[in-house]
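Structural overview for review
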Amino acid sequence: MNTRLLWTAFVTIVVKEIRRFTRIWVQTLLPPAITMTLYFIIFGNLIGSRIGEMGGFDYMEYIVPGLIMMSVITNSYGNVVSSFFGTKFQRNIEELLVSPVPNWIILSGYVIGGAARGLGVGFIVTLLSLFFTDLQIHHLFITIAVVLLTAILFSLGGFINAVYAKTFDDIAIVPTFILTPLTYLGGVFYSIQLLPEFWQGVSQLNPILYMVNSFRYGILGVSDIDIGFAFAMIIGFILLLGGYALHLLNTGKGIRE
Amino acid sequence: MTTALSIQDLRKVYGNGFEALKGISLEVQRGDFFALLGPNGAGKSTTLGIVSSLVNKSSGKVSVFGHDIDTRLTQAKQCLGVVPQEFNFNPFEKVLDIVVTQAGYYGIGRKQATERAEHYLRKLGLWEKRNERARMLSGGMKRRLMIARALIHEPKLLILDEPTAGVDIELRRSMWDFLTEINAAGTTIILTTHYLEEAESLCRNIAIIDHGTIIQNTSMKALLQQLDTETFILDLKEDLDEVPTLDGYVIRSRDAHTLEVDVPKSAGLNALFQHLAAKGLEVTSMRNKANRLEELFVSLVDKNLKQESA
Ligand SMILES: Nc1ncnc2c1ncn2[C@@H]1O[C@H](COP(=O)(O)OP(=O)(O)OP(=O)(O)O)[C@@H](O)[C@H]1O
Ligand SMILES: [Mg+2]
């Protein structure tokens, strides 16, 4: 297929993905808006006012970037894992398999579709946060780059999860037992400087810490970690997971008999 | 290049060790209307699944319009439209979206895709349903939706796995007309079906597959010539006293005023009628019994079964 045909195929997949999550917005866009509003009210307003400062900022200001990132991560991952698993489950994956769309376009389409939901939810949550705090963006480029790359990375993760998943339970295991704990412990709610040295070291093994902190750096200008290193790491993970996901598609794992 | 589909020594062993295809070879010429027949579990869907790259083959060669699926898969896929046996669209999507999206996978832009979708959905009587979610369609409509989807990139070879299963007689006939029309316009068609009259009235060439091997591969005409007897049902004006006998014919009574006669091709019907007339039996009507092809099919598959167990 030439470039124009590939582009059409890619756009088709992305549009289909966006149509899917907007069609079921009550399941996809509304819940994070409600949850995050509750977080803003409870942690930011009610409890936050007693906590005082964190990393030199109002507690509310401090957690807003973390909560936005948390929504982006959960929703990018969640979108691709349920959409691609559903596609396998309903067998409409066959529509793609009989067509000449190359695997890397299939993967890119799903990943960008997932990133679109992650970023869409991130945007909604950002708008909601404006009711509770003023957001001043410190480094626009870093903010956008890190949120985009993170959305792509977790979309890839969701894709791989969906390839391996055989039942609906399998698509909930990773988000519940891995993603949520890592996000909560990834500096969304606190600066790791509060932790004893040992636990600071342990926390630094958590990749999500780097994403949350880079994003917070983009917005507030403060970070617990080195931004250059964080970017290198995110891009490294994207290449790793992307290559692996493509390998799975090429071998037909969980897709072709 | 005149071969639409060429299959050589194709084997498939499923993950559980089951050997579904034991080395089949098959050629379908461009422009043909070809039937792949066989009992349940014979390996028809497996064969078509491999051709449409939904199932990985274990060994053998497949090429579509000269494009080997191992080396020129993209080109092979572009020539191919697939209507699978099981519904495989997203039931929550709208009819029109399903068809237009499929076009997009072939790189067809939205404008052209929408025009073509309208053409095929109208042809298949689904245009009124274009904004319905696919799950709201009846079984027959779902099948037609899959046909529209398979044609959206105007493939040279259309593969249909039991397209008329669960479709009522009237609709089936209109589907036959439609398929005949696109075949006449140049699309090569391969279909599987359990309705032998369907194969008989549509297809020029056939293959019969059983237990993963091809037991017949010939033209429909040649196959029908293998039938050396035909069975007729005769309705009589008056009730019978006794069943007449005639050398060379096997005559049975169905009930008091209906006869069933096996007529050898060589013998013809004149002698039979003369004989009945001489007996004073008046025939009011006559018809062919059930489907001759069906009987032949059963006998072929039976023979294969005996050979296998022998
Ligand atoms: N995924 C699978 N794993 C193991 N065995 C399979 C699988 N799919 C099909 N089979 C077996 O392979 C054989 C051929 O199946 P196939 O679906 O090709 O038959 P078919 O000729 O299409 O039958 P039908 O007329 O019932 O559709 C059957 O015995 C079936 O049980
Ligand atoms: Mg079948």
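What you see is a predicted model; the values in this text were computed from it and never measured.

**Examining the overall build of chain B**
Scanning chain B for helices and strands turns up 10 helices and 14 strands. Dimensions along the principal axes, computed over C-alpha positions, put chain B at roughly 75 × 50 × 35 Å. Partitioning the contacts of chain B with sequence separation of at least 6, the portion at a separation of at least 24 is 67%. Only carbon and sulfur atoms are counted for the fraction: they give 48% of the accessible area of chain B, which is about 14,200 Å². Charged side chains in chain B number 38 positive and 40 negative. The centres of these two groups are separated by 9 Å.

**Considering the overall build of chain A**
A count of helices and strands for chain A gives 11 helices and two strands. In chain A, the succession of α and β elements from N to C terminus is α-α-α-β-β-α-α-α-α-α-α-α-α. If one aligns the C-alpha atoms of chain A with their principal axes, the spans along those axes are about 60 × 35 × 35 Å. For chain A, contacts bridging at least 24 residues in sequence account for 81% of all contacts bridging at least 6. Per element, the accessible surface of chain A, about 11,400 Å² overall, is 69% carbon and sulfur. Counting 13 positive and 13 negative side-chain charges, chain A places the averaged centre of each group 15 Å from the other.

**Digging into the coordination of the magnesium ion (ligand 2)**
The coordination sphere of the magnesium ion (ligand 2), as far as protein atoms go, consists of B:Ser45 (OG) and B:Gln85 (OE1), spread over 1.9 to 2.1 Å. Here the residue B:Ser45 occupies a position in helix α1 (residues 44-51), and B:Gln85 occupies one in the loop between β6 (80-83) and α3 (95-105), the gap between them amounting to 40 residues.

**Section: the UniProt feature "domain: ABC transporter" (unreviewed entry) in chain B**
UniProt annotation of "domain: ABC transporter" (unreviewed entry) refers to residues 5-236 of chain B when read in the numbering used here. In residues 5-236 of chain B, the share of helix is 35% and the share of strand is 29%. The end C-alpha atoms are 50 Å apart.

**Re the interface of chain A and chain B**
Residue-level contacts link 23 residues of chain A with 32 residues of chain B. Note on chain A versus chain B: buried area summed over both sides is about 2,500 Å², and carbon and sulfur give 51% of it. When the area that chain A buries against chain B is broken down by residue, the three leading residues are A:Glu95, A:Val98 and A:Glu257, summing to 25%. Put simply, chain A and chain B have three salt bridges between them. For B:Arg149, the salt bridge is made with A:Glu95, and the minimal N-O distance between the two is 2.7 Å.

**What about the UniProt feature "transmembrane region" (unreviewed entry) in chain A?**
Residues and elements named next belong to chain A. As annotated by UniProt and renumbered to match this structure, "transmembrane region" (unreviewed entry) occupies residues 30-47, 59-78, 104-128, 140-165, 171-192 and 229-249. Each end of residues 59-78 is marked by a C-alpha atom, and these two atoms are 28 Å apart; helix forms 100% of the span and strand 0%. Annotated as residues 140-165, this span is 96% helix and 0% strand, and its ends, taken at the C-alpha atoms, are 37 Å apart.

**Side note on the pattern of salt bridges**
Inspection of every chain in the model, using the stated rule, returns 18 salt bridges over all chains. A:Glu17 is the partner of A:Lys16 in a salt bridge, and the nearest nitrogen-oxygen pair spans 3.8 Å. A:Glu17 shares its class with A:Lys16; the two are buried. Note that B:Asp70 is salt-bridged to B:Lys57, the shortest N-O span being 3.0 Å. Pair noted here: B:Asp70 is in the loop between β5 (67-68) and α2 (73-78) and B:Lys57 is in the loop between α1 and β4 (59-64), with a separation of 13 residues, a long-range link. Under the relative-accessibility criterion, B:Asp70 is labelled partly exposed at 46%. It is possible to trace a salt-bridge network through shared partners that takes in B:Lys57, B:Lys61, B:Asp68 and B:Asp70.

**Some thoughts on helix α11 (residues 227-251) of chain A**
Residue and element names in this part refer to chain A. For α11, which comprises 25 residues, the first-to-last C-alpha distance of 36 Å matches the rise-based estimate of 36 Å (1.5 Å per residue) to within 8%. If you check which residues of α11 are buried, you get Ile 227, Ala 230, Phe 231, Met 233, Ile 234, Ile 238, Gly 242, Ala 245, Leu 248 and Leu 249. Here the buried face of α11 lies against α4 (59-89), α6 (103-129), α7 (140-164) and α10 (207-220). Phi turns positive, to about 75°, at Gly 252, one or two residues after α11.

**Quick look at the site of ligand 1**
Around ligand 1, the surrounding shell holds 16 residues, and the nearest of these are B:Asn40, B:Gly41, B:Lys44, B:Ser45 and B:Thr46. The residues that come close to ligand 1 belong to more than one chain, namely chains A and B. Side-chain polar atom of B:Asn40 to an oxygen atom of ligand 1: 2.7 Å apart, as the coordinates give it. Contact distances for ligand 1 include 2.9 Å between an oxygen atom and a backbone N or O atom of B:Gly43. Coverage of ligand 1 by the protein amounts to 71% of the 640 Å² it exposes when considered alone. The greatest single-element share of the shell around ligand 1, amounting to three residues, is contributed by α1(B).

**Observations concerning α1(B)**
For an α-helix, 3.6 residues make a turn, and residues three or four places apart therefore share a direction. Residue and element names in this part refer to chain B. Among the eight residues of α1, seven are classified as buried, and the element is accordingly described as predominantly covered. For α1, every residue scored as buried is listed here: Lys 44, Thr 46, Thr 47, Leu 48, Gly 49, Ile 50 and Val 51. Following α1 by one or two positions, Ser 53 adopts a phi angle in the positive range, close to 55°.

**Some words on the sheet that holds β6(B)**
Residue and element names in this part refer to chain B. Here six strands make up an open sheet; going across it, the order is β6-β7-β8-β3-β9-β10 and the pairing mixed. The open sheet has two edge strands, β6 and β10 (213-219), and neither has a second partner. Averaged over neighbouring strand pairs, the angle between their axes works out to 15° when direction is ignored. Note: strand β3 (residues 33-37) against strand β9 (residues 205-210), four bridges, orientation parallel. Paired with Ala 35 across the strands is Ile 206, a residue of β9. In the packing of α1 onto the sheet, the strands contacted are β3, β6, β7 (157-161), β8 (188-192) and β9, and the crossing angle to β7 comes to about 145°. Of the strands in this sheet, β3, β7 and β8 are in contact with helix α6 (residues 169-184), which crosses β8 at around 145°.

Cut-offs and rules
- Residues numbered from 1 in each chain as written.
- Chains lettered and ligands numbered in written order.
- Predicted model: local features only at pLDDT ≥ 70, side-chain atom pairs only at ≥ 80, totals over all residues.
- Heavy atoms only, no water.
- Helix = DSSP H or I, 4+ residues; strand = E, 2+ residues; numbered from the N terminus.
- Contact = heavy atoms within 4.5 Å.
- Areas by Shrake-Rupley, 256 points an atom, 1.4 Å probe, with all protein chains shown as cover.
- Lys, Arg positive; Asp, Glu negative; His and termini not counted.
- Charge placed at Lys NZ, Arg CZ, Asp CG, Glu CD.
- Donors = N, O, S within 2.8 Å, 3.2 Å for Na, K, Ca; no water.
- UniProt positions renumbered as here; feature names shortened; annotations may be inferred.
- Buried area = accessible area lost by both parts, 1.4 Å probe.
- Salt bridge = Lys/Arg side-chain N within 4 Å of Asp/Glu carboxyl O.
- Buried < 20%, exposed > 50% of the residue type's maximum accessible area, 1.4 Å probe, protein only.
- Expected span 1.5 Å × (residues − 1).
- Near = heavy atom within 4 Å.
- Polar contact = N/O pair within 3.5 Å; in protein donor to acceptor, adjacent residues only side chain to side chain.
- Pairing = 2+ DSSP bridges.
- Axes fitted to C-alpha atoms, helices over the stretch in contact; angles between N-to-C directions.

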